[in-house]
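# Inside the fold
Chain residues, written in single-letter form:
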Amino acid sequence: LPVIRAQSSPDYFPDSKFYKVEAILRPWRVPQVSSALLKIGIRGVTISDVRGFGAQGGSKERQGGSEFDDDNYIAKVKMEIVVSKDQVEAVVDKIIEEARTGEIGDGKIFLVPVSDIIRVRTGERGEKAEKMMGGRADMSSAYVA
Ligand code: ATP
Ligand code: GLN
């Protein structure tokens, strides 16, 4: 498959410090996406089993019957990943790289501005709450050491 590259100078609107990357993907591609994200220091991910209707509509799922529901909605997984603005393109890139088959039904990614992040355990907000153990800060200090 030809490589699809990230935007070089993203200009999201509205501007925000944090974005939620919300990706609707083929369930069987999710393990691959998750491990690729882990490798770039993405530790916080939420997934849900969802069902949807897009261009793929009720057309037969070519990858086998398991994705196909009895009412024409197709089983998908929604991944939600909240990251800093400067991590968005890397995350989008990875998702495309790992989730793409080139066939109808590969899914879609939505970028949603996030106003604030609050860590329940500590009450930390903003950047402090966004930063995670094993995340980017830990990865870059490992290179310095
Ligand atoms: P703590 O240090 O208190 O454990 P944490 O930041 O590691 O805080 P958790 O409490 O472990 O966060 O996270 C609970 C759940 O929140 C996770 O299982 C995941 O579903 C979701 N989550 C956490 N961070 C993110 C994120 N950045 N993006 C998406 N989902 C997240
Ligand atoms: N940006 C955070 C970090 O690098 C990780 C965010 C996430 O895992 N969703 O520490």
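Our subject is the structure listed above.
In this text the structure is predicted, and so the values were computed from the model without any measurement.

Now for the side chain of Glu80. Mapped onto the secondary structure, Glu80 falls in strand S3 (residues 74-84). The exposure class assigned to Glu80 is buried, which follows from its relative accessible area of 18%. Once you skip the residues sitting within four places of it in the chain, Glu80 turns out to touch Lys20, Val21, Glu22, Gly44, Val45, Thr46 and Ser48.

Turning our eyes to something else, we now look at the layout of surface pockets. The volume enclosed by the largest pocket comes to roughly 460 Å³. Forming the walls of the largest pocket are 24 residues, and the residues nearest its centre are Val82, Val83, Glu130, Lys131 and Met132. Taken together, the elements giving at least two residues each to the lining of the largest pocket come down to S3, helix H3 (126-130) and helix H4 (136-144). A total of 5 residues in the lining of the largest pocket trace back to one element, the largest contributor, which is S3. Split into classes, the residues belonging to the lining of the largest pocket amount to 10 nonpolar, 6 polar and 8 charged. The calculated volume of the second largest pocket comes to roughly 330 Å³. In terms of lining residues, the second largest pocket is bounded by 17 residues, among which Phe53, Gly54, Ala55, Gly107 and Lys108 are the most central. Taken together, the elements giving at least two residues each to the lining of the second largest pocket come down to strand S2 (46-52), S3 and strand S4 (107-114).

Time to look at the site of ligand 2. The environment of ligand 2 is formed by Ile42, Arg43, Gly44, Ile81, Val82, Val83, Gln87, Glu130, Lys131, Met132, Gly135 and Arg136. In this structure, Gly44 approaches ligand 2 through a main-chain N or O atom, which is 2.8 Å from an oxygen atom. The separation between an oxygen atom of ligand 2 and a polar main-chain atom of Arg136 is 2.7 Å. Taking 300 Å² as the accessible area of ligand 2 by itself, protein coverage stands at 98%. The pocket occupied by ligand 2, as judged from atoms lying within 2 Å of grid points, is the largest pocket. The element best represented in the shell around ligand 2 is S3, accounting for 3 residues.

Around ligand 1, the neighbouring residues are Gly44, Val45, Thr46, Glu80, Ile81, Val82, Arg119, Arg121 and Met132. Here Val45 contributes a backbone N or O atom positioned 3.5 Å from an oxygen atom of ligand 1. Between ligand 1 and Arg121 there is a distance of 2.6 Å, counted from an oxygen atom to a side-chain nitrogen or oxygen. In terms of residue count, S3 provides more of the shell around ligand 1 than any other element does, 3 residues in total. Residue classes in the shell around ligand 1 are distributed as 4 nonpolar, 2 polar and 3 charged.

For the rest of this paragraph, the subject is the sheet that holds S2. Strand order in the open sheet made by the 4 strands is S2-S3-S1-S4, with antiparallel pairing throughout. At either margin of the open sheet sits one strand with a lone partner, and together these are S2 and S4. Neighbour to neighbour, the strand axes of the sheet diverge by 25° on average, direction disregarded. Here helix H1 (residues 30-39) sits on the sheet in contact with strand S1 (18-25) and S3, set at roughly 10° to S3.

Conventions adopted
- Residues numbered from 1 in each chain as written.
- Chains lettered and ligands numbered in written order.
- Predicted model: local features only at pLDDT ≥ 70, side-chain atom pairs only at ≥ 80, totals over all residues.
- Heavy atoms only, no water.
- Helix = DSSP H or I, 4+ residues; strand = E, 2+ residues; numbered from the N terminus.
- Buried < 20%, exposed > 50% of the residue type's maximum accessible area, 1.4 Å probe, protein only.
- Contact = heavy atoms within 4.5 Å.
- 1 Å grid on protein atoms, 1.4 Å probe; cavity = no way out; pocket = protein on both sides within 12 Å on 5 of 7 lines; lining within 4 Å.
- Points joined across faces, edges and corners; volume = space filled by probe spheres on them.
- Nonpolar A, V, L, I, M, F, W, Y, C, P; charged D, E, K, R; others polar.
- Near = heavy atom within 4 Å.
- Polar contact = N/O pair within 3.5 Å; in protein donor to acceptor, adjacent residues only side chain to side chain.
- Areas by Shrake-Rupley, 256 points an atom, 1.4 Å probe, with all protein chains shown as cover.
- Sits in = over half its atoms within 2 Å of the grid points.
- Pairing = 2+ DSSP bridges.
- Axes fitted to C-alpha atoms, helices over the stretch in contact; angles between N-to-C directions.

Taken by themselves, the reported measurements are silent on function.
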